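The lines below spell out each chain.
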Amino acid sequence: MFDEIMAKFEDSPGQQAVIRLLLERGFSVNEEGRVVSGGIEIPNTGIAREAGVDRRVVNATTDAILDDEELRRIFRNISSVPSLLDLAPVLDLTAITVSVRSAEESGIVSTVTGAIADRDISIRQVLSEDPEFTDEPRLYVITDEALPGDLINEIRAMPFVRTIELA
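Residues numbered from 1 in each chain as written. Predicted model: local features only at pLDDT ≥ 70, side-chain atom pairs only at ≥ 80, totals over all residues. Heavy atoms only, no water.

### Observations concerning the confidence of the model for the protein
Piece 1. On average, residues of the protein score 94 in pLDDT, and 99% of them are at 70 or above.
Piece 2. Mean pLDDT values for the elements of the protein range from 88 in helix α1 (residues 2–7) up to 98 in helix α4 (residues 55–67). (pLDDT = per-residue confidence, 0-100. Helix = DSSP H or I, 4+ residues; strand = E, 2+ residues; numbered from the N terminus.)

This is how it looks when you write it as structure tokens:
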């Protein structure tokens, strides 16, 4: 799906940058063509600055979104989910990031979270990036306590795991 969306903007790297930002942040586009998060409008100048484009590129992108039925359905309904990932160090939580060899494999989330749950470690949040919207999707698991070394080694040894990072 991500490739199909980006192909619609293949002639404009600037518009692709705006689309990528909207998808990464879970920003939607309202009926008036304004970028919003929930009911909060985000100024096009802010979107432009973050995407490294002129604000007119943001306007052209939101116009194109509203003019395309498929894009309109996607961007009118997308939403963001609050993440504990960046807050983990502040809240004294543990975050593990799992990069996988192939996100198309089934059972990745259940295998990793099952190994953690088997140790009676409480999981606060699980986030997984959609392989349709990112080139290298990752699984993020935020726990209440530090993971023991043998559990980290167990996760690292899972056949689908490419790398893991702790925060």
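Next comes the rest of the description.
### Some details on unusual backbone geometry
Piece 1. Despite not being glycine, D92 has its phi angle at roughly 60°, a positive value.
Piece 2. The residue D92 is located in the loop between α5 (69–77) and β4 (94–100) in this model.
Piece 3. A positive phi angle is found at D120, which is not glycine, with a value near 60°.
Piece 4. Of note, D120 is situated in the loop between α6 (108–117) and β5 (123–128).
Piece 5. Take D120: its relative accessible area is 69%, and that puts it in the exposed class. (Buried < 20%, exposed > 50% of the residue type's maximum accessible area, 1.4 Å probe, protein only.)

### Here's the deal with α5
Piece 1. Along α5, the residues that are buried comprise L71, I74 and F75. Along the long axis of α5, the arc covered by the buried residues comes to 85°, so they all point the same way. Residues of α5 that are exposed and angled more than 90 degrees away from the buried face: R73 and N77.
Piece 2. Where α5 begins, one side-chain oxygen reaches toward the backbone nitrogen of E70, 3.0 Å away; that side chain belongs to D68. (Arc of directions from axis to C-beta. Polar contact = N/O pair within 3.5 Å; in protein donor to acceptor, adjacent residues only side chain to side chain.)

### A look at helix α3 (residues 44–51)
Piece 1. Burial in α3 covers these residues: N44, I47, A48 and A51. Looking down the long axis of α3, one finds its buried residues gathered within 100° of arc, a one-sided arrangement.
Piece 2. Contact partners of the buried residues in α3: α2 (13–25), β2 (35–37) and α4.
Piece 3. A positive phi of about 75° marks G52, the residue just after α3. (Contact = heavy atoms within 4.5 Å.)

### Re the nonpolar core
Piece 1. Among the nonpolar cores identified, the biggest contains 23 residues, and I19, L22, I47 and F75 are the most heavily contacted of them.
Piece 2. Where this core is concerned, the elements lending two or more residues are α1, α2, α3, α4 and α5.
Piece 3. Looking at this core, the element that brings in the most residues is α2, giving five residues.
Piece 4. Look past the residues within four positions of I19 in its chain and what remains in contact with it is I5, M6, F9, T61, I65 and F75.
Piece 5. In this structure, V112, A115, I152 and M158 belong to the second largest nonpolar core, which totals 18 residues. (Core = buried A, V, L, I, M, F, W, Y, C linked by side-chain atoms within 4.5 Å.)

### Details of the environment of G26
Piece 1. Within the secondary structure, G26 is located in the loop between α2 and β1 (28–29).
Piece 2. When its relative accessible area of 7% is taken as the criterion, G26 is described as buried.
Piece 3. For the pair G26 and I96, spaced 70 residues apart in sequence, the C-alpha separation works out to 22 Å.
Piece 4. Every residue in contact with G26, bar those within four places of it in the chain, is listed here: I78, S79 and S80.

### Quick notes on the pairing of β4
Piece 1. Among the seven residues of β4, seven are classified as buried, and the element is accordingly described as predominantly covered.
Piece 2. Residues T94, I96, V98 and V100 of β4 are buried on one face, and the alternating residues A95, T97 and S99, pointing to the opposite face, are buried as well.
Piece 3. Sheet topology places β4 next to strand β6 (residues 138–143); six bridges connect them, and they run antiparallel. For S99, the partnering residue across the bridge sits in β6 and is R138.
Piece 4. Relative to strand β7 (residues 161–166), β4 is paired through five bridges, and the arrangement is antiparallel. Paired with V98 across the two strands is I164, which belongs to β7. (Pairing = 2+ DSSP bridges.)

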